[in-house]
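Secondary and tertiary structure notes
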Amino acid sequence: MQLTHDNRFKKLIVIGDRILIRPSKPNERTDSGLYLPPGVQEREKVQQGYVIKTGPGYAIPMPPEEESWKREEEQVKYIPLQAKEGDLAIFLLSGATEVLYEGDKYYIVPQGAVLLLERDEEL
């Protein structure tokens, strides 16, 4: 199967409260005009990138007792995450895991490591 931009991430399943983030391109220059060598901004404690895919959220535990009158449904319920696809996320690098997928670098970040989200919403 040939992957295109539209279906590239369909076969990836993000688990729990994790978020898949594509890092944004770092600035090559500082505000004063100095050129930065490669890797300098990658070592910063705080990074930013765009949310590609999110997990279902935090699982709500099922009650331990079984009630005979209820049907047996093993439906897990989740508290959804705040992050949505397309958001710009600012996150702590110490909580992130760097992965390579099809030659591109991504971060898998727990929602607890995300500091800020920027969302473009039509008002």
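Residues numbered from 1 in each chain as written. Predicted model: local features only at pLDDT ≥ 70, side-chain atom pairs only at ≥ 80, totals over all residues. Heavy atoms only, no water.

**Describing the sheet that holds strand β1 (residues 18–23)**
Strand pairing in a sheet is mediated by backbone hydrogen bonds. Such pairs are either parallel or antiparallel. Inclusion rule: In this scheme, strands are said to pair when DSSP sees at least two bridges between them. Each helix is a run of H or I in the DSSP string that is no shorter than four residues. Each strand is a run of E no shorter than two, and both are numbered from the N terminus. Interaxial angle, 0 to 180 degrees, is taken between N-to-C directions of lines fitted to C-alpha atoms, where a helix line uses only the stretch in contact.
One open sheet accounts for six strands, arranged β6-β7-β1-β2-β5-β8; its pairing is antiparallel. The open sheet is flanked by β6 (97–101) and β8 (114–118), the only strands paired with a single partner. Within this sheet the neighbouring strands show an average axis-to-axis angle of 40°, counted without direction.

**Here's the deal with the environment of Ala59**
Which entries qualify depends on this criterion: Whether two residues are in contact is decided by their heavy atoms: any pair within 4.5 Å suffices.
Inspection of the secondary structure assignment puts Ala59 in strand β3 (residues 58–60). Sequence separation between Ala59 and Tyr78 is 19 residues, and the spatial gap between their C-alpha atoms is 4.4 Å. Once you skip the residues sitting within four places of it in the chain, Ala59 turns out to touch Val76, Lys77 and Tyr78.

**Overview of the pattern of salt bridges**
Filter applied, for reference: Salt bridges are identified by distance alone: a Lys or Arg side-chain nitrogen within 4 Å of an Asp or Glu carboxyl oxygen. In this scheme, a residue with accessible area under 20% of its type's maximum is buried, one over 50% is exposed, and one in between is partly exposed, where area comes from a 1.4 Å probe on protein chains only.
On inspection of all chains with the given rule, the structure shows two salt bridges. Among the ionic pairs, Asp17 bridges to Arg18, the shortest N-O distance being 2.7 Å. You can call Asp17 buried: its relative accessible area is 15%.

**Points about the nonpolar core**
Going by this rule: Buried Ala, Val, Leu, Ile, Met, Phe, Trp, Tyr and Cys residues form a nonpolar core when they are joined through side-chain atoms within 4.5 Å.
Listed in full, the 12 residues of the largest apolar core are Ile19, Ile21, Val51, Leu81, Ala83, Ala89, Phe91, Ala96, Tyr107, Val109, Ala113 and Val114. At the level of secondary structure, the elements contributing two or more residues to this core comprise β1, β5 (88–92) and β7 (104–110). Setting aside chain neighbours within four positions, we find Ile21 in contact with Gly49, Tyr50, Val51, Ile52, Ala89, Phe91, Tyr106, Tyr107 and Val109.

**Examining the pairing of strand β2 (residues 46–54)**
Relative to β2, β1 runs antiparallel, the two sharing five bridges. By the bridge assignment for β2, Ile21 is matched with Val51. As paired elements, β2 and β5 share five bridges and run antiparallel to each other. Across the sheet, the residue bridging to Gln48 is Ile90, located in β5.

**Some details on the pairing of β5**
For a regular strand, side-chain orientation follows a simple rule: the groups alternate between the two sheet faces. Note: β5 against β8, four bridges, orientation antiparallel. Along β8, the bridge assignment pairs Ala89 with Leu117.

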